[in-house]
Amino acid sequence: MGTAATSFPERNAAEVADIVLAPEAAAPEVRARRARQRRQMYIGQVASYSLGASVLLLYAYGGTVDMAVPSLFWLGGLLIIGTFTVLSEAGFGDRFEDHYLTVFQISAHMALQLLFLLAVPTIGVAFVAVLFLIFAFGTLRMTSRQAMVTWGLSTCGLGFVFLGTDLPIGMPVATRLERTASMLCFVLVIGQCAFLGLFGATLRKILYRRSIELKAAYRRIEELAELDELTGSYNRRCIMRLLDVEIEKSRQTSAPCAIALIDLDWFKRINDAHGHPVGDEVLRTFAITIFANIRPSDSFGRYGGEEFLLLLPDTSGDAAQRMLDRLRSIVADLDWHAFSPGMRVTLSAGVVTLRDLDTADTFLARADRALYSAKAQGRNCIAIS
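In short, a report on the structure.

Conventions and cut-offs
- For every chain, the first residue of the written sequence is number 1, and numbering continues from 1 along that sequence.
- Local features are withheld for residues below a pLDDT of 70 in this predicted model, meaning they are given only at 70 or higher, and side-chain atom pairs are given and counted only at 80 or more; totals for whole chains, interfaces and linings count all residues.
- Heavy atoms throughout the structure, all of them, feed into the side-chain values; hydrogens and water do not.
- Each helix corresponds to a stretch of at least 4 residues labelled H or I by DSSP, and each strand to a stretch of at least 2 residues labelled E; elements are numbered beginning at the N terminus.
- Taken over C-alpha atoms, the radius of gyration is set against a globule rule of 2.2 Å times the number of residues to the power 0.38.
- Note on classification: 1.4 Å probe, protein chains only; a residue is buried when its accessible area is under 20% of the maximum for its type, exposed when over 50%, partly exposed between these limits.
- By the convention used here, residues are in contact when the closest approach between their heavy atoms is within 4.5 Å.
- Classification of ring pairs uses Phe, Tyr and Trp, with its six-membered ring standing for Trp, and accepts pairs whose centres are within 6.5 Å; under 30 degrees between planes counts as stacked, over 60 as edge-to-face, and the remaining range as tilted.
- Note on geometry: a ring has a charge over it if NZ (lysine) or CZ (arginine) is within 6 Å of the ring centre and within 35 degrees of the ring normal.

We now examine the overall build of the protein. Across its full length, the protein holds 12 helices and five strands. Its C-alpha atoms give the protein a radius of gyration of 37 Å, more than 25% over the compact-globule value 21 Å for 385 residues. Overall, the C-alpha framework of the protein stretches about 110 × 50 × 35 Å when taken along its three principal axes. Each of the 385 residues in the protein was classed as buried or not, and the buried ones make up 47%.

Encoded structure:
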């Protein structure tokens, strides 16, 4: 019989998922998808009413109901569908959160079933069965408030029919044709309920998959938010957070912790002499070189400009100095001539180990003083404090 069932469950479910995950302010492409989905829904409704009218036609051929009943039922359904189609194409529903106008659609289809239940009570069970299908459709989109409203309306309507009248509501099965028509009523309702179930299951799967994709995207955004765009190292905010973590971990485990504040020597001269694009490539190459020569447990981040901070957990001062001197030699021995003939890039670093009363600020202040000492010694060297 007639219902508000949709068609093409997998495609529709995908579009519903897009709309659910779309921003509140519906963009033109979102509104276009909504309109397209509503059209598909109305096509499904027309097909459903056509099937229902075909079953009524069997009753009419058997003499159970008047021949006008199938036509009137079909035309009544088309009138409802046509009204909502016109509203949809005019964009009337887009101004509401529920752009399907679910409560109004359910109420209209429900009213039609109750009207024919009153007009043709001899096959009334067929129209009552369709009410379940209508509500099955509504559960896909109704809020709890809408469900209470439509439930209340259906209760009032059914209460009037069953308690306010003495109509003999039945399901004729006297002849083979009537039994066939009655069977088809239930077969069609069950089939369309299964169809709606498929739609809901597909929607749940797509929303689950989209949630996984969103989580992955969110993790990627978090990673990008922690990285320096130019060098791929941690940005200042992140490396400072990691410094606090390492300080706390060192205090809890009584393990040594060292840091190195690293500066590329005369980097401003590189920018001035060779241009900022070359300077950017130097920074990227330097960062890649450091990443390739530190331990997995170490953390490396851009502290600012051409200054970088290297966190060395479980590392004594002497070990940290040796590590930084090795890094200094590696950087100095790179073939910087590939960027520009005659180019030479070196680094200076201040290395310090954590003391009992150190905070992140005092720890960094001592590293900065050690770095200043390395520069005062002629650069391209490591100073420890």
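Our focus in this paragraph is the environment of Gly232. Examined against the element boundaries, Gly232 turns out to sit in the loop between α7 (176-226) and α8 (236-253). Judged by relative accessible area, which is 35%, Gly232 ranks as partly exposed. Residues Gly232 and Gln113, spaced 119 residues apart in sequence, show a C-alpha to C-alpha distance of 65 Å. Setting aside chain neighbours within four positions, we find Gly232 in contact with Leu227 and Phe291.

Turning to the packing of aromatic side chains, a few remarks are in order. Summed over all chains, the structure comprises 10 aromatic pairs. Taking 5.3 Å as the distance between ring centres and 85° as the angle between the ring planes, the aromatic pair formed by Phe73 and Phe116 counts as edge-to-face. With Phe73 in helix α3 (residues 68-89) and Phe116 in helix α4 (residues 102-119), this residue pair connects regions lying 43 residues apart in the sequence. One exposure class covers both Phe73 and Phe116, and it is buried. Three or more aromatic residues joined by ring pairs form one cluster here, namely Tyr49, Phe73, Phe116 and Phe127. The ring centre of Tyr303 lies 4.1 Å from the NZ or CZ of Arg236, which sits over that ring. One cation-aromatic arrangement involves Arg269 over Trp266; the distance from NZ or CZ to the ring centre is 3.8 Å.

So, about unusual backbone geometry. Peptide bonds are mostly trans, and most non-glycine residues show a negative phi. With a phi angle near 55°, Asp314 is a residue other than glycine that sits in the positive phi range. Within the secondary structure layout, Asp314 lies in the loop between β3 (307-313) and α11 (317-333). With phi around 55°, Asn380 is a residue other than glycine that occupies positive phi space. Within the secondary structure, Asn380 is located in the loop between α12 (360-376) and β5 (382-384).

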